[in-house]
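Now for the letters of each chain:
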Amino acid sequence: MVEFDRRVQVRVRLADPDVGGRGFGSGYLLAPRLVLTAAHVLDGMAALGRPDTVTVSRPNAGEREFPATVVWRRKDALVDAALVEIVDIDDEHPWPNPESVGNLPARPPQRFGHLIGTRPHPVTLAGFPRMQKDPDDGARLDEQVTGRVPRAPVPWPTATRS
């Protein structure tokens, strides 16, 4: 089950100012300071050494942006994922952990994986799509979409015996 208070916004300072000053994507808190996002969100990212290259914010929690570091990234034909760690450098205004990460051992584990089989699977997606941008102040508004991964044949690898 997805905990909706773990949704975050990930902003990226882009290296090419002609493309735009900042990239934007959605993320999900796996742990108090560890965010799972798509690797393509980090495309065009400016130099890694700068503290303002990647920031994370929680909507409805002050919208303050916190610096973050990319700790893992994989983008290929099979995987489009990255892990970003929030760096809490301000003791007066610490990262506002959502309630759902307060007692992680008491909660069921978050499950991620590869769908197998050919039956349809219900899904719920949540994020901050560009089309939901507020025309007045530019803030990204959240959107939740439900649907189904359609039934499709699964390509199984063939095994050979020797």
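Counted under the stated rule, the structure contains 4 salt bridges. Between glutamate 65 and arginine 11 there is a salt bridge; the shortest N-O distance is 3.8 Å. Of this pair, glutamate 65 sits in the loop between β4 (54-57) and β5 (66-75) while arginine 11 sits in strand β1 (residues 7-13), and the two are 54 residues apart along the sequence. Taking the relative accessible area as the measure of exposure, glutamate 65 reaches 30% and is therefore partly exposed. Judged by its relative accessible area of 15%, arginine 11 is buried. Its salt-bridge partner being arginine 73, residue aspartate 43 comes within 2.7 Å of it at the nearest N-O pair. Placement of the pair is aspartate 43 in the loop between β3 (34-37) and β4 and arginine 73 in strand β5, with a sequence separation of 30 residues. Residue aspartate 43 is classed as partly exposed on the basis of its relative accessible area, which comes to 32%. Given the relative accessible area of 39%, arginine 73 is considered partly exposed.

Another aspect to go through is the sheet that holds strand β6 (residues 80-86). Strand order in the closed barrel made by the 6 strands is β1-β2-β3-β6-β5-β4, with antiparallel pairing throughout. Taking the axes of each pair of neighbouring strands and ignoring which way they run, one obtains an average angle of 40° across the sheet. In terms of strand pairing, β4 meets β5 through 3 bridges, oriented antiparallel. Following the sheet pairing, threonine 55 is matched in β5 by proline 67.

Glancing now at the nonpolar core. Ranked by size, the top nonpolar core spans 19 residues in total, and within it Val10, Val35 and Val56 carry the most contacts. Those elements that provide at least two residues to this core are β1, β4, β5 and β6. Here valine 35 is in contact with Val8, Val10, Gly27, Tyr28, Leu29, Val56, Ala82, Leu83, Val84 and Ile86, once residues within four sequence places are set aside.

Moving on, we get to the pairing of β6. Here β6 lies mainly inside the structure; 5 of its 7 residues are buried. Judged from the 4 bridges that link them, β3 and β6 form a sheet pairing that is antiparallel. Along β6, the bridge assignment pairs leucine 36 with leucine 83. Pairing between β5 and β6: 7 bridges, direction antiparallel. Bridge assignment links tryptophan 72 to a residue of β6, and that residue is leucine 83. Between β5 and the antiparallel strand that follows it, β6, lie 4 residues.

What follows deals with the pairing of β3. Here β3 shows a clear split, with Val35 and Thr37 buried on one side and none of Leu34 and Leu36 buried on the other. Pairing of strand β2 (residues 22-31) with β3, which is carried by 4 bridges, proceeds in the antiparallel orientation. Looking across to β3, one finds that leucine 29 is bridged to valine 35. Connecting β2 to the antiparallel partner β3 that follows it, the hairpin turn spans 2 residues.

What counts as what
Residues numbered from 1 in each chain as written. Predicted model: local features only at pLDDT ≥ 70, side-chain atom pairs only at ≥ 80, totals over all residues. Heavy atoms only, no water. Salt bridge = Lys/Arg side-chain N within 4 Å of Asp/Glu carboxyl O. Helix = DSSP H or I, 4+ residues; strand = E, 2+ residues; numbered from the N terminus. Buried < 20%, exposed > 50% of the residue type's maximum accessible area, 1.4 Å probe, protein only. Pairing = 2+ DSSP bridges. Axes fitted to C-alpha atoms, helices over the stretch in contact; angles between N-to-C directions. Core = buried A, V, L, I, M, F, W, Y, C linked by side-chain atoms within 4.5 Å. Contact = heavy atoms within 4.5 Å.

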